[in-house]
Amino acid sequence: MLTVDRVKIISKIAIPLSIAISANLVMDLIDIAMVGTLGPSTIAALGLAAFSNTLILAFVGGIAVAVQGIVARRRGEGSTEPRCLPLNGGLLLGLVIGIPLAIVVHALTPWFYSMISSDPVVTRIGIPYLRVRFLAVPAFGMLMAFKGHWAGVEKTNRYMRIILFMDLTNVAVNYVLIFGHFGAPKLGPMGAAIGTVTALYAGLIVNFAIGFFRSRKEGFLSVMPGRDLLARIYKLAIPANMQEIFFSAGYIVFFWMVGRVGTTELAVTNIMVRVTILMLIVAASVGQASATLVSRTVGEGDPEGAAKWGWDAGKLGVIVSLILGLPLVFFPRAILSIFLHDPHAIEIATIPFQILGGTAGFGSLIWIFAYTLYSVGDGNRVMLVSFCTQWLFFLPAVWYVGPHLHYGLLQISLVQVVYGLISTILITSIWAQGRWKTVKI
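Fair warning: this is a prediction, and the values are worked out from it, not measured in the lab. (Residues numbered from 1 in each chain as written. Predicted model: local features only at pLDDT ≥ 70, side-chain atom pairs only at ≥ 80, totals over all residues. Heavy atoms only, no water.)

Colleague: Would you explain the overall build of the protein in this entry?
Modeller: In terms of helices and strands, the protein carries 17 helices and zero strands. Against the 2.2 N^0.38 benchmark of 22 Å for 441 residues, the protein shows a C-alpha radius of gyration of 21 Å, consistent with a compact globule. For the protein, the C-alpha atoms occupy an extent of roughly 60 × 50 × 35 Å along the three principal directions. For the protein, the share of sequence-separated contacts (at least 6 apart) that also reach a separation of at least 24 residues comes to 82%. Carbon and sulfur atoms form 69% of the exposed surface of the protein, whose accessible area is close to 17600 Å². Separation between the mean location of the 31 positive side-chain charges and that of the 19 negative ones in the protein comes to 6 Å. (Helix = DSSP H or I, 4+ residues; strand = E, 2+ residues; numbered from the N terminus. Rg over C-alpha atoms; globule rule 2.2 N^0.38 Å. Contact = heavy atoms within 4.5 Å. Areas by Shrake-Rupley, 256 points an atom, 1.4 Å probe, with all protein chains shown as cover. Lys, Arg positive; Asp, Glu negative; His and termini not counted. Charge placed at Lys NZ, Arg CZ, Asp CG, Glu CD.)

In structure tokens form, the structure reads like this:
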């Protein structure tokens, strides 16, 4: 039963994470909102670039869930190893993978972006923006290690404050460089990219400073992770990495398909996807809180108690996400007008926006159970479900409904709803089976 005390425990971890994740995703929305007055082509270009960037960041994104799962499990087991040892391993992997990856994708950006966009204006804007964003890949990988550590030791308030500082940095640099204030050059979308990269590296510096001054006694940068630990982190991270890679690549294909319907539809879809993701951030944060509580409780030798934490997190996530979706149902035009200035774009987006807002409740279970399963080492099946539902059902259905039959955003949104329902049922079933209770990490 979901009691007030258990809600408080989950919320103590989840609320700072919710604020932090929201603020993190707001970086892309800030870019879009601040350059939105430049027209649909600019919004479309930044949307394609942002999801392309997400695809590459997926190669290091799983470090967070791996570090979090190991840290929380060791705390539950009462381990005497230095608490920052998994963090050190995550930082090393983020650096070793991130630097060569950034070099390669920076060089290949013109070729890659030209493949996913047939609009020359969108391509001209998107390529330089994306190349700058790729410079932050190593920073993102190391930030994921810090994120996993702070969540695993239940110091999510610290992580939240760092993310808020990063957002403020992003807004300040954007304001100066996008519009050319204080004598700076007017760089437009390029200024937005520089602002985001600057914010990421600033956040990384703050994390290192906090770790150096507050966690040296716990082994921060003073204990070298062994090969076994690096292998465990990598093994836990791979399913989450692959799922995110498939997911991001799928949405690039999805955006390409919508782009075949029309540039305005592409701009609208970009806004809809990002606002919908932002709306489900509470579910994602509850999922991360669940991961810490479940992993710690399994480490304490109480798998049934761990299962209760997961189910309670799921209940809380559904309730909150359903409530947060209501403004999208009742006030869609007001929210859309923040990002869109074309009356036609707002018109075609209104009903799809309401549908997505109304179905947010059941969709939250995907975020909650998937993240928890990754953290406890049972992510391979989640990865398989994600791949099959997206690539074998969702994308073919979107192609058939959109470019093939020439329907619009309403029909494509209905396909998204069915896709979300199928994914929710399958991932919830994996959690209910309970195989994760016996996985060692």
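Colleague: I tried to follow the side chain of arginine 73 on my own but got confused; where do I start?
Modeller: Looking at where arginine 73 falls in the secondary structure, it is placed in helix α3 (residues 63-77). At 4.8 Å, glutamate 77 is the nearest oppositely charged side chain to arginine 73, a buried residue that forms no salt bridge. Residue contacts for arginine 73: discarding those within four places in its chain leaves Ser295, Arg296, Val298, Gly299, Val376, Val439, Lys440 and Ile441. (Buried < 20%, exposed > 50% of the residue type's maximum accessible area, 1.4 Å probe, protein only. Salt bridge = Lys/Arg side-chain N within 4 Å of Asp/Glu carboxyl O.)

Colleague: I would appreciate a short explanation of the environment of valine 261 in the present structure.
Modeller: With respect to the helices and strands, the residue valine 261 is situated in helix α9 (residues 227-261). Along the chain, valine 261 and glycine 402 lie 141 residues apart, while their C-alpha atoms are 6.5 Å from each other. Residue contacts for valine 261: discarding those within four places in its chain leaves Gly402, Pro403 and Tyr407.

Colleague: What should I look at first to understand the packing of helix α12 (residues 303-330) against helix α15 (residues 360-375) in this one?
Modeller: How two helices sit against one another is set out by the angle between their axes and by the gap between those axes. At a minimum axis distance of 8 Å, the contact between α12 and α15 shows a crossing angle of 145°. Along this stretch, α12 crosses α15, giving a crossing that reads as right-handed. From α12, Gly310, Trp311, Ala313, Gly314, Gly317, Val318, Ser321 and Leu322 reach across to α15, where they touch Ala360, Gly361, Ser364, Leu365, Ile368 and Phe369. Here the residues of the contact of α12 with α15 sort into eight nonpolar, six polar and no charged. (Axes fitted to C-alpha atoms, helices over the stretch in contact; angles between N-to-C directions. Left-handed = near helix turned anticlockwise from the far one by under 90°. Nonpolar A, V, L, I, M, F, W, Y, C, P; charged D, E, K, R; others polar.)

Colleague: In this structure, what is going on with the side chain of threonine 292? I would like to understand it.
Modeller: By the element assignment, threonine 292 lies in helix α11 (residues 281-299). Of the polar contacts made by the side chain of threonine 292, one reaches the side chain of glutamine 68; its length is 2.7 Å. With sequence-adjacent residues up to four places away left out, threonine 292 is seen in contact with Ile13, Gln68, Ala72, Ala151, Gly152 and Glu154. (Polar contact = N/O pair within 3.5 Å; in protein donor to acceptor, adjacent residues only side chain to side chain.)

Colleague: It is not clear to me how a positive patch on the surface should be interpreted in this structure. Could you clarify?
Modeller: On the surface, Arg83, Lys155, Arg161 and Arg214 cluster together into a patch of positive charge. When you line up the elements, lysine 155 lands in the loop between α6 (137-152) and α7 (156-179). (Patch = residues over 30% accessible without salt bridge, like charges linked within 9 Å, V, L, I, M, F, W, Y side chains within 5 Å.)

Colleague: Sorry, what's going on with a nonpolar patch on the surface here?
Modeller: Taken together, the side chains of Leu95, Val96, Ile99 and Ile103 define a hydrophobic patch exposed on the protein surface, amounting to about 360 Å² of accessible area. Note that isoleucine 103 resides in helix α4 (residues 85-116).

Colleague: I keep staring at the nonpolar core and nothing clicks. Help me out?
Modeller: It is characteristic of soluble globular proteins that their nonpolar side chains tend to be buried jointly. Core analysis: the largest hydrophobic core is formed by 144 residues, its most contacted members being Ile10, Tyr113, Phe254, Val294, Leu340 and Trp436. Setting aside chain neighbours within four positions, we find tyrosine 113 in contact with Ala44, Ala45, Leu48, Ala49, Val122, Thr123, Gly126, Ile127 and Leu130. (Core = buried A, V, L, I, M, F, W, Y, C linked by side-chain atoms within 4.5 Å.)

Colleague: I keep staring at the environment of serine 290 and nothing clicks. Help me out?
Modeller: Note on placement: serine 290 falls in helix α11. Using a relative accessible area of 1% as the deciding quantity, one classes serine 290 as buried. In sequence terms serine 290 and isoleucine 368 are 78 residues apart; their C-alpha atoms lie 7.3 Å from each other. Apart from the residues lying within four places of it in its own chain, the contact partners of serine 290 are Ser295, Trp309, Gly310, Ala313 and Thr372. For serine 290, the side chain forms a polar contact with the side chain of threonine 372, separated by 2.9 Å.

Colleague: For this particular structure, what's the right way to read the packing of α15 against helix α17 (residues 409-433)?
Modeller: Taken N-terminus to C-terminus, the directions of α15 and α17 make an angle of 40°; their axes are 8 Å apart at the nearest point. For the element pair α15 / α17, the angle class is oblique. Both α15 and α17 take part in a crossing whose hand is left-handed. Counted together, Phe362, Gly363, Leu365, Ile366, Phe369, Ala370, Thr372 and Leu373 of α15 and Val417, Gly420, Leu421, Ser423, Thr424, Ile427, Thr428, Ile430 and Trp431 of α17 form the full contact between these two elements. When the residues that make up the contact of α15 with α17 are grouped by side-chain class, the tally is 11 nonpolar, six polar and no charged. (Parallel < 35°, antiparallel > 145°, perpendicular 65-115°, else oblique.)

Colleague: What exactly am I supposed to notice about helix α5 (residues 120-133) here?
Modeller: Since the α-helix turns once every 3.6 residues, residues separated by three or four places project in the same direction. Helix length check: α5 (14 residues) gives 20 Å between terminal C-alpha atoms against 20 Å at 1.5 Å per residue, within 8%. Along its length, α5 shows its largest kink, about 30°, at glycine 126, and proline proline 128 lies within four residues downstream of that point. When we look at burial in α5, the residues that qualify are Val122, Thr123, Ile125, Gly126, Ile127, Tyr129, Leu130, Val132 and Arg133. (Expected span 1.5 Å × (residues − 1). Bend = angle between axes of the 7 residues up to and from the residue.)

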